[in-house]
Amino acid sequence: MSRRRSNNRRSGRGGFSLVEVLIAVLILALGLLGLGAVFPVIVREQKIGNDIIIGTMAGNSARALLQGIDYGRATLMDPGEFWREVRDGLTGDSPATGNSYRNEGAWMPAFMSEGDRASGRVTLLTPSDGGLEIPLAQRLYPIASWSSPPQFVWDIAVQRVIDNDGDPDNDDLRVAIFVRRLDPRLRPPPGKSVLSCLTETPPSRVPVAEDMNGAPTLDGIGGTGSTPRYSQIRTMPVTFDYDATGSATQRRRDRLYVRNSVTSTVEWRLARQPNQKLIDNLGNVYTVMESGEEGGRPFLRVSPEVPAFVTENDQILEVAFTPQVAAAIVTWRVTP
């Protein structure tokens, strides 16, 4: 009798039913799905942060190179007056924005001819005015003498720092270095390394490529046929509308507006990319957070906000940027 009662007690112990198991599996699956959605965001943010750190290092390396370069290589220019002659060569108007290099501090990217688009070589100023050629091999990072393959490439633009004293000869010069990661789909031809295919004559790839319409191809080729096409720095006109006594909307400092006609250009499509880096004609560097439209006016929301010292709407006239989202923009000021 006692054995039978013991068996009855043992058989009365309940386990998990099939429904309970299925519910537990569903809850676990939902948790794993939520966790899986977080991982790509974390990886992307880590990559962006890593690119900013290394991009800034590459920009500072470029600055050191330009400060120690042999200016005797510059054609039609006095090596001892190199930066002064660069500043004085900034005359005329920007073909992209119409803003004056001399009077409004428009950005002038280093010159690149159509032939240079296939090699990546740039010249500070233009060959006709004289200038300093900077071959692609000197603009790769890590540099060619290191054992690591190149991961980044930098480009250069210059502008006058307008001090409004009425004498352009007293203006300083601002130099901006734009650092970009090499195209993610860049694949060297069989038997060649990334470095060799970028620096051979003629090169079979470029670090950052665009198609004939100016859109990034991300494959190191772009262009047409087998001739690669290097992707250049772009400029775009913008306006800053601010009214300290106006409504809350009018007091926003995180908006850069563009004309409606600009939204049909490739520059607008490139400038509005999330995390895109922009530098305005005052030397302020921004990151694009989003684009939108407000009162029928297209805008870019940027971070950080426009600095408090900007109080007039006509102070900000344009931005410069690269078609591929830059890892970093490094600037410094030169007194010729």
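In the block above lies the structure referred to throughout.
About the criteria used
- Residues numbered from 1 in each chain as written.
- Predicted model: local features only at pLDDT ≥ 70, side-chain atom pairs only at ≥ 80, totals over all residues.
- Heavy atoms only, no water.
- Helix = DSSP H or I, 4+ residues; strand = E, 2+ residues; numbered from the N terminus.
- Rg over C-alpha atoms; globule rule 2.2 N^0.38 Å.
- Buried < 20%, exposed > 50% of the residue type's maximum accessible area, 1.4 Å probe, protein only.
- Contact = heavy atoms within 4.5 Å.
- Areas by Shrake-Rupley, 256 points an atom, 1.4 Å probe, with all protein chains shown as cover.
- Phe/Tyr/Trp six-rings, centres within 6.5 Å; stacked < 30°, edge-to-face > 60°.
- Pairing = 2+ DSSP bridges.
- Axes fitted to C-alpha atoms, helices over the stretch in contact; angles between N-to-C directions.
- Polar contact = N/O pair within 3.5 Å; in protein donor to acceptor, adjacent residues only side chain to side chain.

**Student:** Looking at this model, I keep getting lost on the overall build of the protein. Mind explaining?
**Tutor:** On a plain count of helices and strands, the protein comes out with five helices and 13 strands. Expected size for 336 residues packed as a compact globule is a radius of gyration near 20 Å; at 27 Å, the protein overshoots this value by more than 25%. Within the protein, buried positions represent 42% of all 336 residues. Considering only intrachain contacts with a sequence separation of at least 6, the fraction spanning at least 24 residues in the protein is 62%. Per element, the accessible surface of the protein, about 17,200 Å² overall, is 55% carbon and sulfur.

**Student:** What exactly am I supposed to notice about the packing of aromatic side chains here?
**Tutor:** The relation between two aromatic rings is expressed through the spacing of the ring centres and the mutual angle of the planes. By the definition in use, this model includes five aromatic pairs. Taking the centre distance of 6.2 Å and the plane angle of 75° together, the rings of Tyr 71 and Trp 83 count as edge-to-face. On the criterion of sequence distance, the pair formed by Tyr 71 in the loop between α2 (18–68) and α3 (82–88) and Trp 83 in helix α3 is long-range, its members being 12 residues apart. Judged by relative accessible area, which is 13%, Tyr 71 ranks as buried. Relative accessible area serves as the criterion here: at 13%, Trp 83 is assigned to the buried category. With a centroid separation of 5.0 Å and 75° between ring planes, the pair formed by Phe 82 and Trp 83 is classed as edge-to-face.

**Student:** What should I look at first to understand the sheet that holds strand β12 (residues 318–321) in this one?
**Tutor:** Pairing between sheet strands relies on hydrogen bonds along the backbone, with the strands arranged either parallel or antiparallel. Reading across the sheet, the six strands line up as β7-β12-β9-β10-β11-β8 and stay open at both edges, with antiparallel pairing between neighbours. Each of the sheet's edge strands pairs with one partner strand only, and the pair in question is β7 (234–237) and β8 (255–257). Between one strand axis and the next, the sheet turns through 45° on average, direction left out of account. Bridging between strand β10 (residues 285–294) and strand β11 (residues 297–303) involves seven bridges; their strand directions are antiparallel. Bridge pairing links Glu 293 to Pro 298 in β11.

**Student:** Looking at this model, I keep getting lost on the environment of Ser 94. Mind explaining?
**Tutor:** Residue position: Ser 94 is located in the loop between α3 and β1 (108–109). On the accessibility criterion, Ser 94 (4% relative accessible area) is buried. Aside from chain neighbours lying at most four places away, what touches Ser 94 is Asn 99, Tyr 101, Ala 106 and Thr 235. In this structure the side chain of Ser 94 is engaged in a polar contact, spanning 3.2 Å, whose partner is the backbone nitrogen of Ala 96.

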